[in-house]
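Structure at a glance
Spelled out from the first residue to the last, the chains are:
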Amino acid sequence: MAAAAAGSKWGLGASQLGTSCTPRAVRAPEPRARFVEGSIVRIFMENFLTYDSCEVRPGPNLNMIVGANGTGKSSIVCAICLGLAGKPSFIGRADKVGLFVKRGCLKGVVEVELSKTPTNIIITREIQVVNNTSTWFINRKPSTLKMVEEQIAALNIQVGNLCQFLPQDKVGEFAKLSKIELLEATEKSIGPPEMYQFHCELKNFREKERELENLCKEKSNSLEKMKQRIERYKQDVERYHERKRHLDLIEMLERKRPWVEYENVRQQHEEVKQSRDQAKEELKNLKEMQSPVTKKIQEIEEHYKNLDMKIRDKAAEIKDTSQKCKQKQDALDKKDKQIEEINQALRMKKDEEMDRQKKIHNTRKMIEDWQNELNTMGVCENLQPQIDAVNTELKRLQEERANIDSDVSDLRTEKINQEREKKRITGCIVELDNIMNMKEEKLKGRFRDTHSALMWLRKNKDKFKKNVCEPMMLAGFTTLYSRLLVFTVSESKGTINMKDNRHAKYVENHISSNDMRAFVFESQEDMEMFLLEMRDHRKLKVNAVCAPAESCAESIPSRPIEELHRYGFFSYLRELFDAPRPVMSYLCSQYRVHDVPVGTEKTKNMIERVIQETKFKQIYTAEEKYIVKVSAYTNQTLSSNTSLRAAQFLTSSVDTDERRQLESQQQEVSNTLKSLDIQLNTLFERQKHLERRDNELRQQKKELLERGNKRRQLESKIAVKHDSLRQMEQDAINLEEESQQANTKIKEINVQKARLVTELMHLIKNCVSLNIIKADLVLQSTTVAAEKNRLELEYKAASVQLRASEQRFRELDDRKRILIENCKELLKKARQVCKLSPDQHLPKEFQTAFQALPNTLEEIDAFLNEEKSRASCFTGLNASVVEEYNKRTQEIQQLMEELEEKKNVLDNYKQNISQVKERWLNPLKKLVEQINEKFSNFFSSMQCAGEVDLHVENEEEYDKYGIRIRVKFRSSTELHELTPYHQSGGEKSVSTMLYLMALQELNRCPFRVVDEINQGMDPVNERRVFEMVVKTACKESTSQYFFITPKLLQNLTYNDKMTVLFVYNGPFMMETNKWNLKAFCRRRRRVGRMDEQ
């Protein structure tokens, strides 16, 4: 990037800045005022950000660095910060110093020359890209970062203090400083060197004071507890000796107890041994008696098995014979069934013949009756005229019913069509409502504060004097909230409604995102009340704008759109959407939507011609946005283009006219359906009436026809019955012949039955003989089984006795063995308790002591429990209780000495705090009063109000002291504390600038840097602030001041002591070695005289 800077028009020493040139010393004109010690005399940059090689020589007072955005103004600020050992993170542009080297270069250099007597200090920093390191030099000699920081600190330069050094990316953070941080920054910036030191000492003193107070309190509590505890120790010493006597007696009882246990177990062992020998002899006798019974039981079991085998064989033979008998019996039953079937068939033939005779008799009687009725019936009367009249009436009714059915069918078809139409319209309305809900949910998800404010606004519309429009991004959000059937544009909930969703991208790219979610007010008072409620009371971050007092909604474009059709333009931006009048007025005033044309691909293809001929400042093609500017220096037309972002909010718009038309159609369809229902009910009633009349005529016709057809029917019936009678007479049955055939079949079957009965009797005799044999075998088996059971019962009783004897023997043997082990264990335990060896006898002193003690376990245990209970009353006592008592006494004495010492130290700290507080707080209050006086004067000159005070919550909490800034920009509001949320961007910029100006005359720092702080100010405040900066920074007593801005208002007030540095870049830059300030001034004066002529 090419960049250059020239001196101001007053000829103050600012050197030339250029590209692709080697560093060279440029002699600056003699300064008109002395540089404050530590101020910047010269800045040199090589391969740094936008510069190839550049040298800047600022003036001693106010330095205005002016240039378009992107030319390299802030690069000079970065050079000052990094050249004076500042951290890259403080600038806010990058976190690594290597990123500040110009792209494509491996090394960059920043050199800053500082004013100092007797000779200036030159600090050089070489930045390496490869390993992101820096090399430092002081006066061209290698140095270290620590040495550089010491030199800078000695000159009171603080590039990390926002009150002294405010880069472009940190302007917004000044308002975010807490009161405590602002106080510390102010102390470092303008206070005496010892002020901040005193403040730090006070905070440290206070912290140590709290620690000492807590320590003294803890030691006092400990001392009191120790005194209480040692009182208890006195009683414990006395109780210890009594407890010792009880413990000695317990020890002797515990020594005797194992010997008594051993003796008791030894006696039990002798008794068990005798019982075991007796049980062994009884077991031997029982085993000898049981052997013969076992042999006899085995013999009987073998005999019983043989009998059981024979019984099973006979049972099988009986079963086979019984099966054969059953087969013969089944055959006999079958023959009986055949005889019954023959008899049944004969009976059916007889019954059939009797029925035939009855039917013949009945038929003859029916023919005779009908013949008599026919003979008595007279000549048939003529009923045809009556039948014809009824037929005519029926035909007429059928035609009328057909017409009604046709009408009903048509009405039903119409009703179905209308219901389908109603369902379609309802679906469309629901779809529109869903779109509205989606838009509101999207707003809630992305901008929760704006959504909360929207909900509050809908509930509190009555609090506003004039109309308030909701955020523009709620495209087409019409009547979801109120469900009204009548709409107007001003009643629309959403403020922008696209006529064609395809054009939403033009509107969203043209209107800023902050304005897209801003509430639009017609009244400034309403807007202030809304912001006060949202920002102060509810702490919501919301945007609000006010429409111009005089509406711009009907503003006329500079050229009719018809003249632009030849360039591919089809509309102005305003014509692509609908909006309430206040919103349209604001957009026309702020964004000139009435004079921004929208074109097509044709426009893009001839864009250069369009830019030259139409002179529009903003142009949209199908997919791009063009911004056109005219250079103030070369008068050339410059343009830039960007691709259009896809629309996010306005694509789902809802046409209010469409919604209104749908609801109107819905009402019309409902009315039509009601009318159709009434017509259908009328036709249904008529149908019922005609149906009743039709039934009456058909009954009448039926009766007439029956009267005319009765004679013919009788004749026909008589003829049919004669035919039936002849057929029945022909179907006669010969019962005698049928009876003879049946008797013959029954005789044959009886012969077969006799043969089967003979065979059955023979089988029954065999079966009886087999059952007799089987019964004899069963009796023998029962006798053997009874004998077997008797012997088994005897054997079982003997076995039970034998097992009981064996069990008793085993138990006694096990008990004997256990008692032997117990004796050994108890003897061993008794020797261990008395501390005796296996061969050693019980000493006489133990025997003597044991004689005075009880001799049974029960008595010993009772005595032992009694002594233990007495000893347990002396819990927590041991041999060290006396030693502990003496030790605690010494600790109490030592703790008392330490407490007295800490109290003396605490008193000394309180005295020191009082002295340091007086030396710190009084100068600080005076300093804050001076800042407040100048700050208030600056605000008063702007017809506003502001004050600065020392904020104290607790006078003893020195780390909670802070500086509070309160401002008021409108007469109708109260003073509000400066916060990141309450004031607007311009108000925060003005407050920040005036506070820094209030510090300027009190400042002890050598220079101050403020980068583009005027960006958010309106022209009136910017002019006022500029005049204050010039007036304050150009005084003799003030330090050096750098003010960076991309623009200046016209007809500003200037001072001869200020230096203006212009930063340029572009393709028409003059080379650095060809620049001549004096020649430029002569040429400028000559052009001025020509203009006057």
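The text that follows walks through the structure, step by step, so that each part is easy to find. Here the residue numbering is sequential within each chain, running from 1 through the sequence in written order. Totals for whole chains, interfaces and linings use all residues, but because this is a predicted model, local features are given only for residues with pLDDT of at least 70 and pairs of side-chain atoms are given and counted only at 80 or more. Excluding hydrogens and water, the side-chain values take into account all heavy atoms of the structure.

1. Describing the overall build of the protein
Short version of the rule: Helix and strand assignments follow DSSP, with helices taken as H or I runs no shorter than four residues and strands as E runs no shorter than two, numbered in order from the N terminus. Relative accessibility decides the category of a residue: with a 1.4 Å probe and only protein chains considered, values under 20% of the type maximum give buried, values over 50% give exposed, and everything between is partly exposed. Any pair of residues with heavy atoms lying within 4.5 Å of one another is described as a contacting pair.
Assigned secondary structure in the protein consists of 23 helices and 26 strands. When burial is assessed residue by residue, the protein has 41% of its 1093 residues classed as buried. Sequence separation of at least 24 residues holds for 74% of the intrachain contacts in the protein that already meet a minimum separation of 6.

2. Regarding the nonpolar core
Put simply, the rule reads: Note on terminology: a nonpolar core comprises buried Ala, Val, Leu, Ile, Met, Phe, Trp, Tyr and Cys residues joined through side-chain atoms within 4.5 Å.
Counting 50 residues, the largest nonpolar core has Leu 62 and Leu 994 as its most contacted members. Looking at which element gives the most residues to this core, the answer is helix H20 (residues 881–941), with 13 residues. Core analysis: the next-biggest nonpolar cluster, separate from the first, contains 49 residues, Phe 447, Leu 457, Phe 464 and Leu 650 among them.

3. Some points on the sheet that holds strand E22 (residues 962–968)
Basically, it comes down to this: Should DSSP find at least two bridges between two strands, the strands are taken to pair.
Spatial ordering of the open sheet is given by E21-E22-E23, a layout of three strands whose pairing is antiparallel. On the outer flanks of this sheet lie strand E21 (945–951) and strand E23 (976–977), each paired with one strand and no other.

4. Thoughts on unusual backbone geometry
Cis rather than trans, the peptide bond between Thr 117 and Pro 118 has omega equal to 5°. The topology assignment puts Pro 118 in the loop between strand E6 (107–114) and strand E7 (121–128). The backbone of Ala 85 shows a phi angle near 65°, a positive value even though the residue is not glycine. Checked against the element boundaries, Ala 85 lands in the loop between helix H1 (73–83) and helix H2 (88–91). By relative accessible area, which is 17% here, Ala 85 ends up buried.

5. Topic: the pairing of E7
Counting buried positions over the eight residues of E7 gives six, a clear majority of the element. As paired elements, E6 and E7 share eight bridges and run antiparallel to each other. The residue bridging Val 109 from the neighbouring strand is Glu 126, located in E7. Here E6 folds back onto E7, and the loop between the two strands holds six residues. Where E7 meets strand E8 (residues 133–138), six bridges bridge the pair, whose relative direction is antiparallel. Directly across from Thr 124, in E8, lies its bridge partner Phe 137. Counting the residues in the hairpin turn of E7 and E8 gives four residues, including Asn 132, whose phi is positive at 55°.

6. Observations regarding the side chain of Ser 115
Among the secondary structure elements, Ser 115 is positioned in the loop between E6 and E7. Note on Ser 115: relative accessible area 11%, which makes it buried. Residue contacts for Ser 115: discarding those within four places in its chain leaves Phe 35, Val 36, Glu 37, Gly 38, Ser 39, Val 41 and Asn 120.

7. A word on the layout of surface pockets
For the record, the criterion: Think of a 1 Å grid over the protein atoms and nothing else: a 1.4 Å probe that fits but is trapped marks a cavity, an open set flanked by protein within 12 Å on at least five of seven lines marks a pocket, and residues with an atom within 4 Å of a point count as lining. Grid points are joined across faces, edges and corners, and a volume is the space filled by probe spheres set on the points.
Each pocket or cavity is described by its volume, and for the second largest pocket that value is around 1,200 Å³. Taken together, 40 residues line the second largest pocket, and the ones lying closest to its centre are Leu 531, Arg 535, Gln 983, Ser 984 and Glu 987. Where the lining of the second largest pocket is concerned, the elements lending two or more residues are helix H12 (524–537), strand E14 (543–546), helix H13 (581–591), E22 and helix H21 (985–1000).

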